[in-house]
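Observations on the model geometry
Each chain, written out:
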Amino acid sequence: MAAAFTSKSPVPIGVAHFSSIMLPPTEFAKIAKGAGFSRIGLRLHPAFPGAPYYELPVGSAAAGELKAVLAGEEVEVFDIEFFVIDPSFDASSVEATVAAAANIGARRLSVCGDDPDHARLLSNFSDFCVLARRYGLAVDIENMGWRVVKAFADCIDLVTEAGIENTGVLVDGIHFFRNGAALADLRANLDKVKHVQLCDVAGPAPTKPEEMIAEARSGRLPPGEGELPLDDLVAAVGTAASISVEVPLVGSVAPEVHLKHLFNCAERMVRPDR
């Protein structure tokens, strides 16, 4: 069972590793807590070929060091990224990573769906959820415009069809709004939404896959600095889902400065009275 932690905000706010992916897990945990976050996500599996990630095998010195830092800093690992369920996906091949996630106290795993064979996609997604359940973890699927599971509705359909109790949907601000979803869709399926990642964007929505990818990886803005109705999103979610921030650091800003700014932006939305 995950430990209870205190936070500078009465509403726990997390931050995705992608926000400062150049930082190793222990350093990321320290800087994130210093910025005000009480939860972190970690990238323990590559999101795409060549993408940065960190390995924390069960029993390794790196895993032990991280657990000591988490306890000392009073910060928890909430989610682990990122598993792509494509035609070659085999749940058993990533069991060591799932075990590593459970070992450091993570609660949820994030996936996306990118297999045009729906029956195989559903089978592999279900297999992964069953594997995660054995380790006490839940699985959230996130839509992305360049993937097969491209819209929020696709996530809802897959989770509904799977019918496994430890599944959920991850709502990312850019992917949710840029791919046709509305707040009414979220409200109608709020019981399935378990995690919301805040990020903003400005300008016309890209239509080509390579443009969507570029925007998601280097075009995000801190919450409230773009055009998305994130205040309304936060209000619609309420306390039904966990809140985190995912805005990659682009440029020469120090990670400490970047993460502190992200926390301040998120807190203004989560706690508008401040």
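Please refer to the structure placed before this passage.
No experiment lies behind these values; they were computed from the predicted model shown. Throughout, residues of each chain are indexed from 1 in the direction in which the sequence is written. In keeping with the model being predicted, local features are shown solely for residues with a pLDDT of at least 70 and side-chain atom pairs are shown and tallied solely at 80 or more, while totals for entire chains, interfaces and linings include all residues. Excluding hydrogens and water, the side-chain figures rest on all heavy atoms present in the structure.

Pairing between strands is defined by DSSP: at least two bridges between the two strands are required. Put simply, DSSP marks the helices as runs of H or I at least four residues long and the strands as runs of E at least two long, and each gets a number from the N terminus on. Spatially, β1-β2-β3-β4-β5-β6-β7-β8 is the arrangement adopted by the eight strands of the closed barrel, whose pairing is parallel. Strand after strand, the sheet turns through a mean of 30° between neighbouring axes, direction not considered. Pairing of strand β1 (residues 13-15) with strand β8 (residues 242-245) involves three bridges; the strand directions are parallel. By the bridge assignment, Val-15 is partnered in β8 with Val-245. Residues are treated as being in contact if the distance between any of their heavy atoms lies within 4.5 Å. Note on method: axes are straight lines fitted to C-alpha atoms, helices fitted across the in-contact stretch only, with angles between N-to-C directions ranging 0 to 180 degrees. Sheet contacts for helix α10 (residues 255-270): β1, β7 (193-198) and β8; angle to β1, the most-contacted strand, approximately 145°.

Right, let's get into helix α9 (residues 230-237). Within α9 the residues assigned to the buried category are Leu-230, Leu-233, Val-234, Ala-236 and Val-237. Along the axis of α9, the buried residues cluster in a sector spanning 160°; they form a single face. Contacts from the buried residues of α9 go to β6 (167-172), α6 (173-178), α7 (183-188), β7, β8 and α10. Following α9 by one or two positions, Gly-238 has its phi on the positive side, about 60°. Note on classification: 1.4 Å probe, protein chains only; a residue is buried when its accessible area is under 20% of the maximum for its type, exposed when over 50%, partly exposed between these limits. To obtain the arc, one takes the directions from the helix axis to the C-beta atoms.

Scope: geometric values only; no functional claims are made or implied.
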